[in-house]
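Survey of secondary and tertiary structure
Each chain is listed here by its residues.
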Amino acid sequence: MGCCLSEKKFRSGQEVNQQGLFHPEFQEIIRISNIDPNIPIIGENSNIQQLCENFTLNEQDLKIINPKITGYIHIRGLQQSFSTCLAYNLLWLLRCQNRLDSIQLNTFKLKYKNIEVDDIQSQYYLKYRINSITNITNYRQQFNINYELFILAVTFIKNYIYQIYSRLEIKAFLDGNGLDKGLLEWQSDSHEYDQILALLAKELKIQIIVINVSNKQVRKQEYQSFDDTIMLIVNNGNCYIGLFKDSILYKDQIMEVRQIKPNNVYLSNQQVVQLINNLYDLSFRQRVVEEEFSRFVGKQKSLEELYNHYFGQNRGEIIKKLPQELKGFIPIRGDGNCFYTAVSYSYLKMLIEKNKLQILEQNIKDVNFEIQYQKFIINIQQGELIKMDFINQMKQFQNVESLYSKVSDPQNILYGEMIIFIRSYVKHQCLQDKQILETASAIGIDLSTNLISWEEECDMNEVIINKLSESLKVQINIIFIDSIQQAIDIRQYGKNKQFQINLIMSPGHYNIAIR
């Protein structure tokens, strides 16, 4: 599978802007736009008296047209006040309704002078940013700081409108009236307000009210009649945001949107689902595996089954060397990820059992999630979405049984997220350790790629185990079993009896020990 533009851009992580996971060409458009940073894009709320004073209106006439109107928000023009108003209003409305992730764009283009950006993955970074905001005050601030959210939001709405027109094949507007040029260019607006608003209202099932106050006269136009409403105020071609009673722009906290999902069941981001399934399709789904060995994490086996698995009929005196407290084992699918599967599942299982899941989020706060398989790459930008999804999924688990049911299922994305988590975490820790880097270099291992290579084991597992024990503050116990040589060796890494991970290692494969 070839890499898309954004995968090439973000492959090494070197081109990620220091302000965030932000495409450098968007940054360049902002730079050459010469936007005065002292003037906010989204102004403060103004009351109805200020509205009437600024536009020379009669307050009584205004209230007759729309009795609910309470004021307005000044929007900085920049030749695209219409797009800015729509972006600010609609994205917040969709965020409050928990519908933002449901809109998937086919393009994410923007043109300005000699720069053309087409980075489809930036829509997911935008959604991640907006979904992380929980109040309108912070939302406004984010629009006005660094202009990242501003340019991405405007690009989103321009491409969304263009996508609607393209789907409906309204060629007169796409070609004859230059809608493409007006919509997809920075600091440029289409003037087909009426047609665009009618289509948006119908598509999103919302009501859009436009109050036109040009030439000191007040006129109103309504599009659709749904309960959810946004209001625009138009004055001689410039667009502003109208405020009214019950406006979403007055609702400071929106934590209640999280309760919209039935039974509080967390639903994964569809972009994340697609990424993980693409990885599955290219790797293990290409191979035919017997049903018995298809699960990533198998069902717990008894001690007798452990004897049969490792020693068969030749168990003899050798089994007396095994730890007396050993009760059985959990088989792990042998796919090149077995070490990482055994460690990560054991770790997550332990956190759930001890009610310590908050430790997980702390440990991965600064970790960039990445993975690669042959030519397929999940880059840092996409990894941020996976990390957020992984954390949200883990927060849902009340018991180990629910974790097992998802991780063991070859159709569920949690296994993929779990492997990306542990491989990325190991890379993060190892690349900060000078001694580990020197050891890897001496034996010709490039840890920066090896550790995040899907289904590829590392020849430095003992070094990694030591590092994991130290960084995760756990004790890792490993039973080494060589069935052919009839040898058993038991090793301990770290000292923390409260938090222990128990593994069984036979040449080339890891399982989980039950003690």
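The structure we're discussing is the one just above.
Quick caveat: nothing in here was measured; it's all calculated off a predicted structure. (Residues numbered from 1 in each chain as written. Predicted model: local features only at pLDDT ≥ 70, side-chain atom pairs only at ≥ 80, totals over all residues. Heavy atoms only, no water.)

Bringing the pairing of strand E7 (residues 229-235) into the picture now. Most of E7 is tucked away, with 7 of its 7 residues classed as buried. Residues of E7 alternate between two faces, with Thr229, Met231, Ile233 and Asn235 on one and Ile230, Leu232 and Val234 on the opposite face, all of them buried. Pairing geometry for strand E5 (residues 207-212) and E7, over 6 bridges, is parallel. Pairing of isoleucine 209 across the sheet is with methionine 231, part of E7. Examined bridge by bridge, E7 and strand E8 (residues 238-244) share 4 bridges and lie antiparallel to one another. Each residue of the ladder has a partner; that of asparagine 235, found in E8, is asparagine 238. (Buried < 20%, exposed > 50% of the residue type's maximum accessible area, 1.4 Å probe, protein only. Helix = DSSP H or I, 4+ residues; strand = E, 2+ residues; numbered from the N terminus. Pairing = 2+ DSSP bridges.)

Looking now at the pattern of salt bridges. Taken as a whole and judged by the stated rule, the model has 15 salt bridges. Where arginine 31 meets glutamate 28, a salt bridge forms, and the shortest distance between an N and an O atom there is 2.6 Å. Of this pair, arginine 31 and glutamate 28 both sit in helix H2 (residues 24-33), separated by 3 residues, roughly a single helical turn. The exposure class of arginine 31 is exposed, given its relative accessible area of 54%. Classification of glutamate 28 as partly exposed rests on a relative accessible area of 27%. (Salt bridge = Lys/Arg side-chain N within 4 Å of Asp/Glu carboxyl O.)

A word on the packing of aromatic side chains. One pass over the full model with this rule turns up 24 aromatic pairs. For the pair phenylalanine 55 and tyrosine 240, a centre-to-centre distance of 5.2 Å together with 55° between the ring planes defines the contact as tilted. With a gap of 185 residues between them, phenylalanine 55 in helix H3 (residues 48-55) and tyrosine 240 in strand E8 connect regions that are remote in the sequence. An angle of 45° between the planes, with centres 6.5 Å apart, marks the rings of phenylalanine 421 and tyrosine 425 as tilted. Of this pair, phenylalanine 421 and tyrosine 425 both sit in helix H18 (residues 414-430), separated by 4 residues, roughly a single helical turn. Summarising the burial analysis for this pair, phenylalanine 421 and tyrosine 425 share the class buried. What links up through ring pairs into an aromatic cluster is the set Tyr88, Trp92, Tyr139, Phe143, Tyr147, Phe150 and Trp186. (Phe/Tyr/Trp six-rings, centres within 6.5 Å; stacked < 30°, edge-to-face > 60°.)

A few words now on unusual backbone geometry. Positive phi values are uncommon outside glycine, yet lysine 216 reaches one of about 65°. For lysine 216, the location among the structural elements is in the loop between E5 and strand E6 (219-223). Here lysine 216 falls in the exposed class, since its relative accessible area comes to 60%.

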